[in-house]
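# Chain and residue survey
As a plain string of letters, each chain reads:
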Amino acid sequence: MMGVEHLNNLAVTPGAVVTAIADPVETSLGWARDALGSKADGVTAFADSAALAASGLVDAVIVASPNNTHRDVLAPLFDAGLHILCEKPLATTIPDARWIVDRAAQSPGIFWTAMEYRYMPPAAAFIDQVHGGRIGALKMLSIREHRFPFLVKVGDWNRFAENTGGTMVEKCCHFFDLMRFITRSEAVRVYCSGGMDVNHLDEAYDGKRPDIIDNSYTTVDFANGVRAMLDLSMFADGAENQEEITAVGSDARLDVLIPEGRIVHSPRVGFMNPKQATSEVIGVDETALKAGSHHGSTFYEHQRFNAAVRGAGPVEVSAQDGLMAVAIGTAAEISAREHRVVAMTELGF
């Protein structure tokens, strides 16, 4: 799904030309060819990333393979010095994520961790307003994602924590990345209460039962004193807005609702005084909306990645950012399993 979404966005990104695709599963290559349409005949297909890297056909590679394959997929790409955009989560374990950070630092190519949620236009505008001081000093941040269950993936790999890193890594690394980005601080301690209570209970794959969290509350304390919370439900697909983010500062509260696109600013008014909330709707380019299922964010991410590859802009989401999101997610997974607060120092941070 994400490979196809990236292909659709590359098709509308000026200056980007798809020259090769690689996947060990023929069905996936078929979906890629369908996405390429009439341009598929000019694209070479390979069975793995090593063959693609050795071909000399590409300058930059988008990695959208299963989470637990990232290290092996990336190794030959690093060896070839290619520019890389790697889907989240960076890896399923902290050691693998650290290895990627080290290799990215040594590579002549740029490395960008794909964190699409930063680039949803309403979320980006919300973040700019928080950082611009519209709410005063940020003190509290809450993120709610109420959505549909995990989709069916090739080989059902996303049903098991050993393949994904667990829901708090696989799904929630986006939100832990947003927390770091918005608070401009690092996590100190994490507490997560979560479980698998509704989804996948009657599923089995080769006799194994899925073991992924489908709902949770996670609180994160940051070094600068800001408190953040994540409210996740993966059996709330009837919700009108999938994401709701709220920042509360010393002077006001700011909300963003996605996909509605509305930002609501609510200044403090004092007890019993008339409310003075105002709102605006942040639009998204129709081309960007049609190219993917992440509220246009993948399109905008590709424009920034494309610029960075050409030396016309910075890398905005580094391998280190990817590592830190995995680290917070790992702390949340441990916390949910062991029913305790996890200090980031336990994990070496």
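Scope of this entry: the structure provided in the associated data block. These figures come from a predicted structure and were not determined experimentally.

### Comments concerning the overall build of the chain
- When helices and strands are tallied, the chain shows 12 helices and 14 strands.
- Over its C-alpha trace the chain gives a radius of gyration of 20 Å, about what one expects of a compact globule, namely 20 Å for 349 residues.
- Overall, the C-alpha framework of the chain stretches about 70 × 45 × 40 Å when taken along its three principal axes.
- A buried classification covers 50% of the 349 residues belonging to the chain.
- The contacts in the chain between residues at least 6 apart in sequence include a share of 69% that link residues at least 24 apart.

### Some words on the pattern of salt bridges
- Applying the stated criterion across every chain yields a total of 20 salt bridges.
- Note that Asp-177 and Arg-118 form a salt bridge whose closest N and O atoms lie 2.8 Å from each other. Taken together, the residues Asp-177 in helix α9 (residues 173-183) and Arg-118 in the loop between β5 (111-114) and α6 (121-131) connect sequence positions 59 residues apart.
- A salt bridge links Arg-180 to Asp-321; the shortest N-O distance between them is 3.2 Å.

### What about the sheet that holds strand β10 (residues 243-249)?
- The strand order across the open sheet built from 9 strands is β13-β12-β11-β10-β6-β9-β8-β7-β14, with neighbouring strands paired in mixed fashion. Where the open sheet ends on each side, the last strands, each with one partner, are β13 (278-281) and β14 (342-343).
- Where α6 meets the sheet, its contacts fall on β6 (138-146), β10, β11 (252-258), β12 (262-267) and β13, and the angle it forms with β11 comes to roughly 170 degrees.
- Against the sheet, α9 touches β6, β8 (215-222), β9 (227-233) and β10, its axis set at about 160 degrees to β6.

### Remarks on the state of the cysteines
- Throughout the structure, instances matching the rule amount to 0 disulfides.
- Summary of cysteine pairing: Cys-86 is not part of a disulfide, and the nearest cysteine sulfur, belonging to Cys-173, is at 10 Å.
- Among the cysteines around Cys-192, which has no disulfide bond, Cys-172 carries the closest sulfur, lying 7.6 Å off.
- Among the residues examined, Cys-192 registers a relative accessible area of 1% and is labelled buried.

Criteria and thresholds
- Residues numbered from 1 in each chain as written.
- Predicted model: local features only at pLDDT ≥ 70, side-chain atom pairs only at ≥ 80, totals over all residues.
- Heavy atoms only, no water.
- Helix = DSSP H or I, 4+ residues; strand = E, 2+ residues; numbered from the N terminus.
- Rg over C-alpha atoms; globule rule 2.2 N^0.38 Å.
- Buried < 20%, exposed > 50% of the residue type's maximum accessible area, 1.4 Å probe, protein only.
- Contact = heavy atoms within 4.5 Å.
- Salt bridge = Lys/Arg side-chain N within 4 Å of Asp/Glu carboxyl O.
- Pairing = 2+ DSSP bridges.
- Axes fitted to C-alpha atoms, helices over the stretch in contact; angles between N-to-C directions.
- Disulfide = S-S within 2.5 Å.

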